[in-house]
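An overview of the molecular structure
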Amino acid sequence: MLQALADYIVYRLFNLAHGTRLAEALNFFIYDSVKIFIMLAVIIFIVSVIRSFFPPERTRAILSRRHEYKGNLLASLLGIVTPFCSCSAVPVFIGFVESGVPLGVTFSFLISSPMVNEVALVMLWGMFGWKIALIYIASGLAVAVGGGLVIGRLHLEREVEDYVYEIKLGETATLATLTWQDRVNYARGYVKEILKRVWLFVLIGIGIGGFIHGYAPETLLLRYAGPGNLLAVPVAVAIGVPLYSNAAGTIPIVQALMEKGMSLGTVLAFMMSVTALSLPEMIILRKVLKPRLIAIFIGIITVAIMLVGYLFNIILG
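So, how was this worked out
Just so you know, the residues in each chain are numbered from 1, in the order the chain's sequence is written. Where local features are concerned, this predicted model is filtered to residues with pLDDT of at least 70; where side-chain atom pairs are given and counted, the filter is 80 or more; whole-chain, interface and lining totals use all residues. Only hydrogens and water are removed before side-chain values are computed, so all heavy atoms of the structure are retained for them. Numbering of helices and strands starts at the N terminus; helices are DSSP runs of H or I of at least 4 residues and strands are runs of E of at least 2. With residues, only the protein chains shown are counted as cover, and all accessible areas are computed by Shrake-Rupley using a 1.4 Å probe. We call Phe, Tyr and Trp rings a pair once their centres come within 6.5 Å, taking the six-membered ring for Trp, and we label the pair stacked below 30 degrees between planes, edge-to-face above 60, and tilted otherwise. With a 1.4 Å probe rolled over the protein chains alone, any residue whose accessible area is under 20% of its type maximum counts as buried; one over 50% counts as exposed, and the rest are partly exposed. Counted as salt bridges are all cases of a side-chain nitrogen of Lys or Arg within 4 Å of a carboxyl oxygen of Asp or Glu. Nonpolar side chains (Val, Leu, Ile, Met, Phe, Trp, Tyr) are joined into patches within 5 Å and like charges within 9 Å, using only residues with over 30% relative accessible area and no salt bridge. For helices, the fitted line uses only the C-alpha atoms of the stretch in contact; every axis is such a line through C-alpha atoms, and the angle between N-to-C directions lies from 0 to 180 degrees. Should the near helix be turned anticlockwise from the far one by less than a right angle, the crossing is termed left-handed; should it be turned clockwise, right-handed. We call two residues contacting when some pair of their heavy atoms lies within 4.5 Å. Only buried residues count toward a nonpolar core, which is a set of Ala, Val, Leu, Ile, Met, Phe, Trp, Tyr and Cys residues joined through side-chain atoms within 4.5 Å. Under the convention used throughout, the expected extent of a helix is 1.5 Å for every residue step, that is, one less than its residue count. Throughout this description, any angle smaller than 35 degrees is read as roughly parallel, any larger than 145 degrees as roughly antiparallel, any in the 65 to 115 degree range as roughly perpendicular, and the remainder as oblique. Amino acids are sorted into nonpolar (Ala, Val, Leu, Ile, Met, Phe, Trp, Tyr, Cys and Pro), charged (Asp, Glu, Lys and Arg) and polar (every other residue, Gly among them).

**Observations concerning the overall build of the protein chain**
The number of helices and strands found in the protein chain is 16 helices and 0 strands. About 15200 Å² of surface is accessible on the protein chain, with carbon and sulfur atoms providing 68% of the total.

**Re the packing of aromatic side chains**
This model, assessed by the stated rule, comprises 1 aromatic pair. Between Phe107 and Phe297, the aromatic rings sit 5.3 Å apart at their centres with planes inclined by 45°, giving tilted as the arrangement. One end of the pair, Phe107, is in helix 6 (residues 103–115); the other, Phe297, is in helix 16 (residues 291–315), with 190 residues separating them in the sequence. Judged by relative accessible area, which is 0%, Phe107 ranks as buried. What makes Phe297 buried here is its relative accessible area of 2%.

**Considering the pattern of salt bridges**
Scanning the model with the defined rule gives 1 salt bridge in all. One salt bridge in this structure joins Glu159 and Arg292, with 3.4 Å as the shortest N-O distance. Of the two residues, Glu159 sits in the loop between helix 8 (130–153) and helix 9 (162–166) while Arg292 sits in helix 16, which places them 133 residues apart along the sequence. On the basis of relative accessibility, which here comes to 16%, the residue Glu159 falls in the buried class.

**Focus on a nonpolar patch on the surface**
Residues Ile38, Val42, Ile46 and Ile50 make up a contiguous nonpolar surface patch of roughly 350 Å² in combined accessible area. Assignment of secondary structure puts Ile38 in helix 2 (residues 21–51).

**Considering the packing of helix 8 against helix 16**
In contact at an axis separation of 10 Å, helix 8 and helix 16 are set at 145° when each is read in the N-to-C sense. In this structure, helix 8 meets helix 16 at a crossing whose hand is right-handed. Contacts between helix 8 and helix 16 pair Ile135, Ser139, Val143, Gly147, Val150 and Ile151 from the former with Leu293, Phe297, Ile300, Ile301, Ala304, Val308 and Phe312 from the latter.

**Brief notes about the nonpolar core**
Formed by 50 residues in total, the largest nonpolar core has its most connected members in Phe107, Met115, Leu289, Leu293, Phe297, Ile301 and Ile305. Of all the secondary structure elements, the ones that give two or more residues to this core are helix 6, helix 8, helix 12 (232–240), helix 13 (247–259), helix 14 (264–276), helix 15 (279–285) and helix 16. Dropping the residues within four chain positions of it, Met115 is found in contact with Tyr136, Gly140, Val143, Met272, Thr275, Ala276, Ile301 and Ile305.

**Examining helix 16**
Residues separated by three or four positions in an α-helix point in the same direction, a consequence of the helix having 3.6 residues per turn. Its 25 residues give helix 16 an end-to-end C-alpha distance of 36 Å, which sits within 8% of 36 Å, the value for a rise of 1.5 Å per residue. When helix 16 is considered as a whole, its buried residues turn out to be Leu293, Ile294, Phe297, Ile300, Ile301, Thr302, Ala304, Ile305, Val308, Gly309 and Phe312.

**Concerning the packing of helix 12 against helix 16**
It is the contact of helix 12 with helix 16, at a shortest axis distance of 9 Å, that shows an interaxial angle of 135°. Considering their axes alone, helix 12 and helix 16 lie oblique with respect to each other. Crossing handedness for the pair helix 12 and helix 16: right-handed. Residues Val233, Pro234 and Val237 of helix 12 lie in contact with helix 16, whose contacting residues are Thr302, Ile305, Met306, Gly309, Tyr310 and Asn313. Split into classes, the residues belonging to the contact of helix 12 with helix 16 amount to 6 nonpolar, 3 polar and no charged.

**Section: the environment of Pro291**
Of note, Pro291 is situated in helix 16. In the structure, Pro291 is positioned 131 residues away from Val160 in sequence and 9.3 Å away in space, judged by C-alpha atoms.

**Describing the environment of Tyr186**
Mapped onto the fold, Tyr186 is located in helix 10 (residues 180–214). Take Tyr186: its relative accessible area is 33%, and that puts it in the partly exposed class. Each C-alpha atom, one on Tyr186 and one on Val49, is 7.5 Å from the other, the two residues being 137 residues apart in sequence.

**Looking at unusual backbone geometry**
Phi at Asn15 takes a positive value of approximately 55°, unusual for a residue other than glycine. Within the fold, Asn15 resides in the loop between helix 1 (2–13) and helix 2. According to the relative accessible area criterion, Asn15 is exposed, its value standing at 61%. Phi at His155 is positive, roughly 55°, even though this residue is not glycine. Looking at the element boundaries, His155 is found in the loop between helix 8 and helix 9.

In short, shape yes, function no, at least from these values alone.
See the structure below:
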């Protein structure tokens, strides 16, 4: 039905000829816009109900009782269903460190939350199938757990700004008992809040994806980021870091790039670099991390993302 709607608008209302670049790009934009916003509304509602069981206080309490390996894995899993974005990076980070959560465990959460986005996971499943969705979540969790373990082993607590350890947020607050109606109301409000926050990024991402789908020559993309180019993965990471978008906004770009023949590992590396290494997030994290720790964090995650990209390019041939 969505494809029929897109075809009607493009070929009947706008009277564009089949096969033209403009028609292909506009068809892609209309079809993906409607589909993604429907999926976002449904998925965010379901995840928000689950998320209502894991407020920050409970998350900190759970993680503060865990140590290496188990703590890193649990933090990475909690990062998938717990809200985290650049605007909430500072208070969440302060809360975790002050509550006694090990630094490496905290970074596993920090990496996982934007990288392994639950919305992007279900959208990938709907667009490309369960195999690619599982590859995405497995590689994202591997980067989060591995990155957190390395940072924890380096004992970089001194590279956190001193005032973070001096802040006392008090004991974990007593959690109010929520009824199912409370959770439904929370989910409805969260759907509105998230859609207001991400709609522009999603449309920009779909617009870029539509342009690539309709206008970008396949030979150009394949020359610089195709399967035969050994530097395709680092090029994709270098392009992704300066960009600022959430995982949902990158999905249409990912779809368009894969349609043009780019390898899955290269596309995953691009997507992860956009969501886990965005420049605005690094600027905000500078409020709590010293430059040396930020540089180490960027270096570790960049290497890990490139390894994931090369690994899946090799596995998928």
